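# What the coordinates show
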Amino acid sequence: EESDLLEVVNIITNDIQDMGEVGWYQKMDAQEKLKYSLDESTIDIPSISDVFSLTAIANAASDNLRYRFWREIFKNGIESKHVCSTMFSTLFVKARSGNYSFELVLNPMDGPPAQDYKSSASNPNCVASLVAALSVHPYVLSVKA
C-alpha cells in the first residue's frame, strides 16, 4: 500500500538527515561543539562519511582525488551546517511499480540559483550526497538516476 511505502521513505529520509547532522557535528572542533548539542537519539547513528566506504577511511594512506571529491561533497552537502534542509523539506515522493519502489523528485530549478540556496536541490553537493546516502542505507536496494 502507498501509505506503507511513504512511511518507509520517511524513515529513510529521516535517517539520512540524522546521519548528515552527525557528520556535521563530528567535523567540528572541540570549541565549536560547545556551542551546539547533539540530540540524544543520534548518539549511535553513524555519519554518512562513516558508512560510505571511500570516505570511511579515517586515516587514508593516500589522500587521492576520489577521497577528496567525496569528502568535499559531504562537507558542502548533507554534512554541512545547513544539512540540505531546503532540499529535504521540498522533495516530493512518487510511488512506483505497485508501491514497491519510489522516486524522489527534487525540483532543483525552483527558486533562485544554487549560490543563494545552499541547502536546496540547486546545490549539486546536496544532490550528490543524497545519492551517496541512499546508496548506503540498508532499506535501499538500488539507486537510479
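Residues numbered from 1 in each chain as written. Predicted model: local features only at pLDDT ≥ 70, side-chain atom pairs only at ≥ 80, totals over all residues. Heavy atoms only, no water.

Ile-16, Ile-48, Phe-74, Ile-78, Met-87, Phe-88 and Leu-130 are the most contacted members of the largest nonpolar core, which has 25 residues in total. Listed by contribution, the elements that provide at least two residues to this core are helix 1 (2-26), helix 4 (65-76), helix 5 (85-90) and helix 6 (124-136). Considering every element that reaches this core, the biggest residue donor is helix 6, with 6 residues. (Core = buried A, V, L, I, M, F, W, Y, C linked by side-chain atoms within 4.5 Å. Buried < 20%, exposed > 50% of the residue type's maximum accessible area, 1.4 Å probe, protein only. Helix = DSSP H or I, 4+ residues; strand = E, 2+ residues; numbered from the N terminus.)

It is worth spelling out the pattern of salt bridges at this point. Applying the stated criterion across every chain, the model contains 3 salt bridges. The salt bridge involving Lys-75 is made with Glu-72; its shortest N-O contact spans 3.4 Å. In this pair, Lys-75 and Glu-72 are both assigned in helix 4, 3 residues apart and thus about one turn of the helix distant. Look at Glu-72 and you get partly exposed, because its relative accessible area is 32%. The partner of Arg-96 in a salt bridge is Glu-103, and the shortest N-O contact between them spans 3.1 Å. (Salt bridge = Lys/Arg side-chain N within 4 Å of Asp/Glu carboxyl O.)

Before going further, it helps to examine a nonpolar patch on the surface. Residues Val-8, Ile-11 and Tyr-139 make up a contiguous nonpolar surface patch of about 250 Å² in total accessible area. Residue Ile-11 is classed as partly exposed on the basis of its relative accessible area, which comes to 32%. (Patch = residues over 30% accessible without salt bridge, like charges linked within 9 Å, V, L, I, M, F, W, Y side chains within 5 Å. Areas by Shrake-Rupley, 256 points an atom, 1.4 Å probe, with all protein chains shown as cover.)

Right, let's get into the pairing of strand 1 (residues 92-96). As defined by bridge partners, strand 1 adjoins strand 2 (residues 101-105) across 5 bridges and the pair is classed as antiparallel. What sits directly across from Lys-94, in strand 2, is Glu-103. In sequence, strand 1 turns back onto strand 2 through a hairpin of 4 residues, with Ser-97 there showing a positive phi of about 45 degrees. (Pairing = 2+ DSSP bridges.)

What follows deals with unusual backbone geometry. Phi is positive for Val-83, which is not a glycine, with a value near 40 degrees. Examined against the element boundaries, Val-83 turns out to sit in the loop between helix 4 and helix 5. With a relative accessible area of 18%, Val-83 lands in the buried category. At Cys-84, a position not held by glycine, the phi torsion is positive, near 55 degrees. Note that Cys-84 resides in the loop between helix 4 and helix 5. Residue class for Cys-84 comes out buried when judged on its relative accessible area of 0%.

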